[in-house]
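Residue-level structure breakdown
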Amino acid sequence: MKATLARSGVAAALVFLLAGSLAITPAQAAGEVLVLFYDRDGGVLTPEEMRATSNNGEAGYDNDYLVDPTTLQAVQRGPLVEATGQGFTFSVPDSPVGLALNWPTLPLGYGLVIVDKNGAGYSGGETINFSYQAAYDIRRRLASALAARPDYVPSAKFNDAYTEAQAILDAIPLRATEPVKGRAGQLALDLFAVAYDALLAEHGPQRAIAQASAGLPCLGATIESTTNYPAVLDLAASLTKPYGWVRLVFPASARPADWAPLVSYAKTKGLKILGQPVRAEDEPLLSREQYRQRFRDFVAAFPEIDAWEAGDQANGAWHSTGMAAKLADAVAEIEALAPGRLLVLNLLHQINTEAPEFSMFTWIASNLSPTLRAKFDFVLLSLYPGQSPVGMFYEQLMERTRAAFPGKKIGLGEIGYGAPGEQLWWCYDEVDPAGAARRAVAAQYYPAMFDFAGSTGGGFWWNFAGEFPGDPALQATLSGLRDRLVAGIGQPSPARNGSWYALATTRNRATWKDLYQQVAVRPYTNYTAGTWAKGTGAVALQIWGDPAWTKLLASVRCDGNLDWKKVAAPVFNSGNRSRVWITFDNAFDRSAGTLLLDDAWFRRQGTTTNLLHNPGFELGGTVWTTTDPAVFRITDH
């Protein structure tokens, strides 16, 4: 498991114990809520037993929080106070709140449970039977999740658990005692947890297939070392292609030249690359200018990298207070040095296991302006359920993230689950965290990460090089999901973006056939033009000053490559013209091959506006003319 996360968990426990809770003054309090706790046999849980239950014995630490029921932002840490007689109390502030607590279910282990009174939150004094209310809140959320997935065909696993949980709640007598309700609530929670996991993991691939037209799914692995990289990348490609991504996290000691062979090899394997120049644990050691320079160095060195991550688990408690400013600087460098490449933000899932200012949605609201949020293409959440339990909270977490970043693609960043001593709360298998539990985490969250609108997937398993090569079950989880996606989606379009591209089929003799369009220009103005090319063979990208092709203003050879390659013509001047022609021409002998062209551009020098119509060919042949369809055609096949 990532060392930073293990350190942060211990640090969080110490900070929590030393700092105590945030106080609510009497003037703020709107009432007092009594919270009662029972076990699955209906026995009263003493305060000590309740803490031991929530804290996984002595492994974890007190994690009770008040949160805004809508935004999930932190309101108060450690609100629970032992009540005289039984249970705990918390004072209600002047706005509605939900109570968040890590809580176990059997057999799945710990998850984050938020009781929020059917979504309204608590705004005055009353009594809560924790497990009973939690079961009703989860029942409501699960019913809503089902309604949002009308195409889901429930499995026997889902149906059995969901039906039995419903029956348990429906059978509670009208005047049942609190122990009876507490027992029933806990038993129903156990079953709802099984049903919720089944729903998301079973329906996730179905949604990924349905959403493929808006962007292909991503199946990822994280790599932070160049050791034995050919074997590691061979395995990653074999398990994930054609949807494979690798996230390269460059250690502080690394220089671009150290990683150039690995980057090049990853591209030969058909993998897309997400680059992260600064690891989370290294950020506090860098000044703002050093952080920015690190991005300059790596982004400039690797134009072939497909996406750049501006911050690694940016809301982590170990980060410097200037993390938000560093994020903005990194974004500026990526935009300047790699225009068109994807911008990625990586956040750490934790709501109630750090100080309130690092609670994920609180940190987002406090540190990321709407302008900065709008710049990111992908927002990824790193998920370590042994550090910060998830469970039935998972869908709520992802949907709230979508709301915080409207219109953005959402997915999972790092995923991992540790060995004994590295996790504070267990899930799936308490006695075998490095085996059965780890495999269950992968089997659940790789498919479930797709089960919400706008998901891109991800799931960049943290210790891929150390854990996947020797574990056939882990490998089967990833390759099996890939096979299901391929069967549903079909082989993806080879286009760089979207589905359409221009295809040049060239022979060993030049025949001077063209694909072209006319472009309106300003007289006596400098322009630049270019395209992206992939494949074999070569054509010429040319700018002509007249329709008779007698005045050549600029030309560049477009060669193929295993991956998309940017090709730009020299800067040229329009002269006294108000229109010119951009053409692709099979103008070379000894250049046989099949060349793909996509995302062409034509710009006034110093500007970003593309003057071409249909530059990515997504409108088919609109505005483009070909003089020989056997040489140049526009296609989505």
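Anything mentioned here points back to the structure above.
Residue positions are given per chain, counting from 1 as you read along its sequence in written order. Predicted model: local features are reported for residues with pLDDT of at least 70 only, side-chain atom pairs are reported and counted for 80 or more only, and whole-chain, interface and lining totals are derived from all residues. For the side-chain quantities, the full set of heavy atoms in the structure was used; hydrogens and water were omitted.

**Focus on the pairing of strand β5 (residues 88-92)**
Stated precisely, the cut-off is as follows: Exposed residues in this analysis have more than 50% of their type's maximum accessible area, buried residues have under 20%, and partly exposed residues fall in between, with area computed by a 1.4 Å probe over protein chains only. Only DSSP runs of H or I covering at least 4 residues are called helices, and only runs of E covering at least 2 are called strands; the numbering of each starts at the N terminus. Each pair of strands is called paired provided DSSP finds at least two bridges between the two strands.
Taken across its five residues, β5 has four buried, putting it largely inside the fold. The pairing of strand β1 (residues 31-36) with β5 spans five bridges and is classified as antiparallel. Bridged to E32 within β5 is S91. Inspection of the sheet shows strand β4 (residues 81-82) paired to β5 by two bridges, in the antiparallel sense. Bridge pairing in β5 links V81 to T89.

**Some thoughts on the sheet that holds β1**
Pairing between the strands of a sheet comes from backbone hydrogen bonds, and it takes one of two forms, parallel or antiparallel. Spatially, four strands are ordered β4-β5-β1-β8 in an open sheet, and the strand pairing comes out mixed. Single-partner strands in this sheet number two, and they are β4 and β8 (126-129). Pairing geometry for β1 and β8, over four bridges, is parallel. Of the residues in β8, the one forming a bridge with V35 is I128.

**Describing the packing of helix α13 (residues 433-448) against helix α15 (residues 472-489)**
A pair of packed helices is characterised by two quantities: the angle between their axes and the separation of those axes. Formally: Only the stretch in contact is used when a helix axis is fitted, and all axes are lines through C-alpha atoms; the angle between N-to-C directions ranges over 0 to 180 degrees. Roughly parallel means an angle under 35 degrees; roughly antiparallel, over 145; roughly perpendicular, 65 to 115; everything else is oblique. By definition, residues are in contact when any of their heavy atoms lie within 4.5 Å. Ten residues, namely Ala, Val, Leu, Ile, Met, Phe, Trp, Tyr, Cys and Pro, are considered nonpolar, four, namely Asp, Glu, Lys and Arg, are considered charged, and the remaining ones, Gly among them, are considered polar.
It is at 9 Å that the axes of α13 and α15 come closest, and there the two elements cross at 10°. With respect to each other, α13 and α15 are oriented roughly parallel. Along its contact with α13, which presents R438, R439, A442, A443, Y446 and P447, the element α15 presents A473, L474, T477, L478 and L481. Residue composition of the contact of α13 with α15, grouped by class: eight nonpolar, one polar and two charged.

**Details of the environment of A328**
Within the fold, A328 resides in helix α9 (residues 323-337). Along the sequence, A328 and A310 sit 18 residues apart, while their C-alpha atoms lie 8.0 Å from each other.

**Comments concerning the nonpolar core**
Generally speaking, soluble globular proteins have nonpolar side chains that are buried together. Inclusion rule: Nonpolar core, defined: a set of buried Ala, Val, Leu, Ile, Met, Phe, Trp, Tyr and Cys residues in which side-chain atoms within 4.5 Å join the residues together.
The biggest cluster of nonpolar side chains holds 142 residues, and the ones touching the most others in it are F37, F90, L347 and Y394. Per element, the largest residue contribution to this core is 13 residues, and it comes from helix α5 (residues 178-210).

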